[in-house]
Structure formats: C-alpha cells, structure tokens
Amino acid sequence: MQRRRRYAAFTLLASVTMLSVAVFASPVSAEVIEGPCTGSATFSGPITVTESQPLDVTTIVPAEDTVQYVGNLNIDPPSDLVPFAGGIDVALPPPFGGWTVVSWTGDTVEVSDSGSYAYAVPSWVPRGTGGLKVTATHTQQGTTCIVAVTMALDGSPGAGAFIGAAAAVAFGVGTLGAGIKKKGA
Amino acid sequence: MMKGRPVLGVVSGFFFGVFAGISLFLWGVIDLHSVWLWVLPLAGIVLGLVMAAWAPFGSDADDSRSRIPPDDPDR
C-alpha cells in the first residue's frame with residue numbers, strides 16, 4: 001500500500017514537472033508581418049512598439065495613456081479616392097479565434113497617418129497578465145498589411161488571480177480524490 | 001476497471017485544468033492565445049481518469065488483510 005502511495009506521489013510529481021517544463025519552455029517565434037507597411041506606437045515612459053518587434057517580447061503598456069502613432073503603407077498614393085478597411089483583433093485561446101477591438105472602413109487618398117489617441121482600459125480588465133497577441137490589419141489598393149505584437153497591461157494581478165489559484169487547488173484536490181478507492185472495489 | 005471515482009476525476013480534472021490555465025494567464029506565466037489554455041483541461045480529464053483507474057489512496061482490503069497477523073492460539 002505504501003509502495004502504491006509512493007508510486008502515485010512520484011507520478012504526480014513527474015507529471016507536474018513535465019507540464020511545468022513544457023509551459024515555461026515556450027518556443028521563440030518571430031513577429032508575423034505581411035505587406036510593406038511600417039509603423040510605431042509610443043506610450044508614456046516612453047515605451048515604443050514597432051512593426052519589427054518579435055512576438056515573444058511582451059510589451060507592458062499603461063492601462064490609461066495617450067499613445068502617439070505613426071503608420072505608413074509604403075505604396076504609391078492614389079490619385080483618387082480608394083476604399084480601405086482594417087481593424088485590430090486580440091487573439092483568444094483556440095478554438096475561439098479573435099476578438100475585434102476596433103475596425104475601420106472608408107475611402108481615402110492617403111497612404112500614411114499619424115497622430116495621438118487617448119485610451120483608458122476599463123478597471124475590470126485584469127492587469128499584470130500574460131501577453132495578449134494584438135493583430136492590426138489594413139487593406140488598401142490591393143495591399144494587405146498585417147502586424148502582430150504581444151502586449152499586456154501594467155499592474156499586479158488582482159483578486160481574480162487569487163480566486164483562480166484557489167479554485168485550481170480545490171479542483172486539484174478533487175482530482176486526487178478520484179484516486180480514493182470505492183468501498184468494495 | 002475503475003477502482004476509484006471516474007466521474008469525480010473527469011469533472012474535477014476538467015475544472016482543475018481550466019482554473020490552472022486561467023491562473024497561469026492571470027499570473028503572467030502564459031499568453032492568452034497559448035494552446036495550454038485548452039491542453040490543460042484535457043490533461044486534467046486524463047489525470048482524473050488515471051487517478052480513478054489507479055486508485056492509490058484509501059483502504060485496500062487485500063493490503064489490510066496482509067497487515068493483520070492471523071490469530072495465534074499459542075500466543
């Protein structure tokens with residue numbers, strides 16, 4: 001019986017260790033970018049994000065700020081109005097796809113833009129989390145630009161993180177409890 | 001044959017994986033688009049079933065019998 005318990009403890013320890021190694025040893029991936037566009041966004045600090053930043057680098061940005069942005073499609077400007085469309089998505093865990101934060105559409109003769117944008121993320125959005133893969137897409141004159149960066153909000157984990165950890169421990173104990181023999185088994 | 005509690009193992013294992021994944025994200029260990037957020041619940045279900053099939057905890061009739069010395073009328 002004691003030998004069985006030792007085997008069970010060893011197997012659990014080995015499983016947790018293997019899962020931990022697999023979680024922490026994430027592969028390095030380059031930023032996905034399609035098209036000739038370039039751009040940057042500068043947050044207070046200053047923290048600057050450009051189109052060449054690797055995806056495995058998580059940029060920590062303030063929850064409330066005014067961002068200075070510059071974007072250029074690097075294509076010849078049209079002589080007349082042309083349609084454009086695009087948006088910004090946040091990738092969710094598979095199979096949920098993405099959540100569109102903002103989208104845009106219209107007609108323009110411009111191929112670049114710059115300015116400032118003030119934002120304030122609602123307080124219910126968790127801070128200090130893992131990275132969010134944010135993808136910006138813009139299509140114009142037959143050219144599609146896709147730029148992805150990994151971002152996270154500055155701050156420390158709130159009560160939700162503690163509640164989640166407590167729930168994980170509770171259900172972990174329940175999972176171990178499944179290993180208690182039934183009477184008569 | 002399941003000597004333990006398979007239903008408890010599946011349900012608890014699934015939610016163990018769900019909350020473990022959510023906690024890892026909220027504590028900044030994994031990204032939101034990480035495949036671990038759906039791998040962990042599946043791994044939890046498998047772990048629960050393994051625990052139910054293995055059932056290493058609790059009283060074992062055979063083991064307890066082997067530990068009790070037989071009555072010795074001469075003692």
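Computed from a prediction, not measured in an experiment: that's the story for all the values here. (Residues numbered from 1 in each chain as written. Chains lettered and ligands numbered in written order. Predicted model: local features only at pLDDT ≥ 70, side-chain atom pairs only at ≥ 80, totals over all residues.)

With that out of the way, let us pick up the overall build of chain A. For chain A, the helix and strand inventory stands at two helices and ten strands. Ordered by position from the N terminus, the helices and strands of chain A form the series α-β-β-β-β-β-β-β-β-β-β-α. A burial count over chain A gives 17% of its 185 residues as buried. For chain A, contacts bridging at least 24 residues in sequence account for 69% of all contacts bridging at least 6. (Helix = DSSP H or I, 4+ residues; strand = E, 2+ residues; numbered from the N terminus. Buried ≥ 20, exposed ≤ 12 C-beta atoms within 10 Å, placed from the backbone. Contact = placed C-beta atoms within 7 Å.)

All names here are of chain B. Packing of helix H1 (residues 6-26) against helix H2 (residues 36-54) brings their axes to within 7 Å, and their N-to-C directions diverge by 150°. In terms of orientation, H1 lies roughly antiparallel with respect to H2. You can see that H1 and H2 cross each other, and the crossing is right-handed. Residues belonging to the contact of H1 with H2 are distributed by class as follows: 19 nonpolar, seven polar and no charged. (Axes fitted to C-alpha atoms, helices over the stretch in contact; angles between N-to-C directions. Parallel < 35°, antiparallel > 145°, perpendicular 65-115°, else oblique. Left-handed = near helix turned anticlockwise from the far one by under 90°. Nonpolar A, V, L, I, M, F, W, Y, C, P; charged D, E, K, R; others polar.)

This part takes up the confidence of the model for chain B. Residue and element names in this part refer to chain B. In this model, chain B carries an average pLDDT of 86, and 79% of its residues clear a pLDDT of 70 or more. By mean pLDDT, helix H3 (residues 61-67) is the weakest element of chain B at 53, and H1 is the strongest at 96. In the predicted assembly, ipTM is 0.81 and pTM is 0.75. (pLDDT = per-residue confidence, 0-100.)

Residue and element names in this part refer to chain A. With omega at -5°, the peptide bond leading from Gly45 into Pro46 counts as cis. Summarising the element assignment, Pro46 is placed in the loop between strand S2 (38-43) and strand S3 (47-50). Here the phi dihedral of Asn74 falls at roughly 55°; this positive angle occurs in a residue that is not glycine. Structurally, the position occupied by Asn74 is in the loop between strand S5 (64-72) and strand S6 (82-91).

The residue Pro93(A) is located in the loop between S6 and strand S7 (98-108) in this model. Its 18 C-beta neighbours within 10 Å are what place Pro93(A) among the partly exposed residues. Here Pro93(A) is in contact with Leu32(B), His33(B), Ser34(B), Leu37(B) and Trp38(B), once residues within four sequence places are set aside.

What follows is about H1(B). Residues and elements named next belong to chain B. Across its 21 residues, H1 extends 30 Å between first and last C-alpha, which sits within 8% of the 30 Å expected from 1.5 Å per residue. In terms of burial, H1 is a largely internal element, 15 of the 21 residues being buried. Phi for Gly28, located one or two positions after H1, is positive at around 80°. (Expected span 1.5 Å × (residues − 1).)

Moving on to the nonpolar core. Core analysis: the biggest nonpolar cluster contains 17 residues, and Phe16(B), Phe19(B), Ala20(B) and Phe25(B) have the highest contact counts within it. Elements with a minimum of two residues in this core: helix H2 (159-177) of chain A together with H1 and H2 of chain B. Take this core: its biggest share by element is nine residues, from H1(B). The residues contacting Ala20(B), other than those within four sequence positions of it, are Ala168(A) and Leu40(B). Cys37(A), Val49(A), Cys145(A) and Val147(A) belong to the second-largest nonpolar core, a separate cluster that totals nine residues. (Core = buried A, V, L, I, M, F, W, Y, C linked by C-beta atoms within 7 Å.)

Looking at chain A as a whole, its pLDDT mean stands at 84, while 82% of the residues score no less than 70. By mean pLDDT, helix H1 (residues 2-24) of chain A is the weakest element of chain A at 49, and H2(A) is the strongest at 96.

Residue and element names in this part refer to chain B. Helix length check: H2 (19 residues) gives 25 Å between terminal C-alpha atoms against 27 Å at 1.5 Å per residue, within 8%. Those residues of H2 lying buried are Trp36, Leu37, Leu40, Gly44, Ile45, Leu47, Gly48, Val50, Met51 and Ala52. With its phi angle positive at about 50°, Ala55 sits one or two positions after the end of H2.

The next point concerns the pairing of S6(A). Two strands pair when backbone bridges link them, and S6(A) and S7(A) are joined in this way by ten bridges, in the antiparallel orientation. From the neighbouring strand, Val82(A) faces S7(A), where its bridge partner is Thr108(A). (Pairing = 2+ DSSP bridges.)

This next bit is on the sheet that holds S2(A). Residue and element names in this part refer to chain A. Read across the sheet, four strands follow the order S3-S2-S5-S8 without closing on themselves; strand pairing throughout is antiparallel. Every other strand in the sheet has two partners, leaving S3 and strand S8 (112-120) as the edge strands with one partner each. Taken over all neighbouring pairs, the strand axes of this sheet differ in orientation by 15° on average, direction set aside.

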